[in-house]
Amino acid sequence: MTRFTVLSSCFILGLSLLWANPRCLKLKPAIQEATERHISTDYPVHYNIATAEKESSCQWKESADGHGSIGYFQLTPKFLDKELRPLFPDYTKPYSKDHFHAFAYYLNTLIQSNPTPQLWIVYQRYNGGDWVVRECKRARSWKWERCRQFCRRGEVCVKKEGTECVQLRSACEINYEYSFLIHKYAKKYRKGEDGRWRYW
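Residues numbered from 1 in each chain as written. Predicted model: local features only at pLDDT ≥ 70, side-chain atom pairs only at ≥ 80, totals over all residues. Heavy atoms only, no water.

**Q** Honestly, the overall build of the protein chain in this entry has me stumped. Any pointers?
**A** The secondary structure content of the protein chain amounts to nine helices and two strands. Along the protein chain, helices (α) and strands (β) appear in the sequence α-α-α-α-α-α-α-α-β-β-α when read from the amino end. Across the 200 residues of the protein chain, 45% fall into the buried class. Looking at the protein chain alone, contacts between residues at least 24 apart form 52% of all its contacts between residues at least 6 apart. In the form shown here, the protein chain has an accessible surface area of approximately 11300 Å², with 54% of it arising from carbon and sulfur atoms. (Helix = DSSP H or I, 4+ residues; strand = E, 2+ residues; numbered from the N terminus. Buried < 20%, exposed > 50% of the residue type's maximum accessible area, 1.4 Å probe, protein only. Contact = heavy atoms within 4.5 Å. Areas by Shrake-Rupley, 256 points an atom, 1.4 Å probe, with all protein chains shown as cover.)

Right, dumping it as structure tokens:
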């Protein structure tokens, strides 16, 4: 029975790697190095690889959201430049390791200021700011389902052509879907357990 379990686990791991984005696998060493330096050596790096996949399909790009988000992690200089530029001057340049370090550093500021150990809230804050914290406090819960019930936000422009918005989506839908998708995508890059870190 043990042999069957081991073989099944190896088979499932192999299948998950087939589903993994090859571009994301190439970025893994840089993501892991930055994560270990700025967050922790035992941090579950698969969530950060999943973030690059969700944000950019692990391709360097400029966003079409009109805010000038840039890179694999869609960092937004408009909001983050004062904090990140002095420490990582090349974080907006393609193929610069500064981009990976700026992401990990910023994510760690969210981890350190998170009101609960659950990482789903960290990734939602990364995507949409502190709205989720307010919603959870109103819900008197840190559970995703309860917090989602207390989400009352408007629509946001997710795609612009020139100065005109061509696609709107519910901010609640985008933000609560984000943490769910990070967890889902991370399964493809997972190498072990999360240890002391808790996602949900």
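This is not the end of the story, as more comes after the structure.
**Q** Would you take a moment to explain the pairing of strand β2 (residues 164-170) for this structure?
**A** Successive side chains on a regular strand alternate, one facing one side of the sheet and the next facing the other. As paired strands, strand β1 (residues 155-161) and β2 are joined by six bridges and run antiparallel to one another. Residue pairing in the sheet places Glu155 in a bridge with Ser170 of β2. The antiparallel hairpin formed by β1 and β2 contains two residues in its connecting segment, where Gly162 sits at a positive phi of about 70°. (Pairing = 2+ DSSP bridges.)

**Q** Is there a simple way to explain the packing of aromatic side chains in this structure?
**A** Where two aromatic rings form a pair, the distance of their centres and the angle of their planes describe that pair. Enumeration according to the criterion identifies 15 aromatic pairs in this entry. Put simply, the rings of Tyr47, Trp120, Tyr123, Trp144, Tyr176, Tyr199 and Trp200 touch in pairs and so form one group of aromatic residues. Taking the ring centre of Trp131 as reference, the NZ or CZ of Arg134 above it sits at 5.1 Å. Sitting above the plane of the Tyr185 ring, Lys188 keeps its charged end 4.9 Å from the centroid. (Phe/Tyr/Trp six-rings, centres within 6.5 Å; stacked < 30°, edge-to-face > 60°. Lys NZ or Arg CZ within 6 Å of the ring centre and 35° of its normal.)

**Q** What should I look at first to understand the state of the cysteines in this one?
**A** In a disulfide, the sulfur atoms of two cysteines are covalently bonded to one another. By the definition in use, this model includes four disulfides. Bridging Cys24 to Cys58, the disulfide has an S-S length of 1.9 Å. Across the S-S bond of Cys24 and Cys58 the torsion is about 100°, and the bridge reads as right-handed. In this pair, Cys24 is assigned in helix α2 (residues 22-38) and Cys58 in the loop between α3 (46-56) and α4 (77-84), connecting sequence segments 34 residues apart. As far as the burial class goes, Cys24 and Cys58 line up, both buried. Look at the protein chain and number its bonded cysteines as they come in the sequence; the links are 1-2, 3-4, 5-8, 6-7. (Disulfide = S-S within 2.5 Å.)

**Q** I keep staring at the side chain of His99 and nothing clicks. Help me out?
**A** Here His99 lies in helix α5 (residues 97-113). Look at His99 and you get buried, because its relative accessible area is 0%. From its side chain, His99 meets the backbone nitrogen of Phe73 in a polar contact 3.2 Å long. (Polar contact = N/O pair within 3.5 Å; in protein donor to acceptor, adjacent residues only side chain to side chain.)

**Q** Sorry if this is basic, but what is going on with the packing of α2 against α3 here?
**A** Relative orientation of the contacting elements α2 and α3 amounts to 130°, with a least axis distance of 9 Å. On the basis of the axis angle, α2 is oblique to α3. In terms of crossing hand, the pair formed by α2 and α3 is right-handed. On α3, the residues touching Cys24, Lys28, Ile31 and Thr35 of α2 are Asn48, Ile49, Ala52 and Glu53. Taken together, the residues of the contact of α2 with α3 break down into four nonpolar, two polar and two charged. (Axes fitted to C-alpha atoms, helices over the stretch in contact; angles between N-to-C directions. Parallel < 35°, antiparallel > 145°, perpendicular 65-115°, else oblique. Left-handed = near helix turned anticlockwise from the far one by under 90°. Nonpolar A, V, L, I, M, F, W, Y, C, P; charged D, E, K, R; others polar.)

**Q** Where do I start with the side chain of Ser69 in this structure?
**A** As for its placement among the helices and strands, Ser69 is situated in the loop between α3 and α4. Relative accessible area serves as the criterion here: at 4%, Ser69 is assigned to the buried category. Among the polar contacts made by the side chain of Ser69, one reaches the side chain of Thr76 at a distance of 2.8 Å. Those residues in contact with Ser69 that lie beyond four places of it in its chain are Lys61, Glu62, Ser63, Gln74, Leu75 and Thr76.

**Q** Please clarify how helix α9 (residues 171-186) should be interpreted in this entry.
**A** For an α-helix, the turn length of 3.6 residues means that residues three or four places apart are oriented alike. In a regular helix each residue adds 1.5 Å, so 16 residues correspond to 22 Å; α9 covers 23 Å between its end C-alpha atoms and thus fits that length. The sharpest bend along α9 reaches about 25° and sits at Tyr178. Of all the positions in α9, only Ala171, Cys172, Ile174, Asn175, Tyr176, Tyr178, Ser179, Leu181, Ile182, His183 and Ala186 are classed as buried. Against α3, α6 (119-128), α7 (131-139), α8 (144-149), β1 and β2 lie the buried residues of α9. Between the side-chain oxygen of the N-cap and the backbone nitrogen of Cys172 there are 3.3 Å, and the N-cap of α9 in question is Ser170. (Expected span 1.5 Å × (residues − 1). Bend = angle between axes of the 7 residues up to and from the residue.)

**Q** Help me understand the environment of Lys184, please; the structure alone is not making it clear to me.
**A** Summarising the element assignment, Lys184 is placed in helix α9. In this structure, the C-alpha to C-alpha distance between Lys184 and Tyr47, residues 137 residues apart in sequence, is 9.2 Å.

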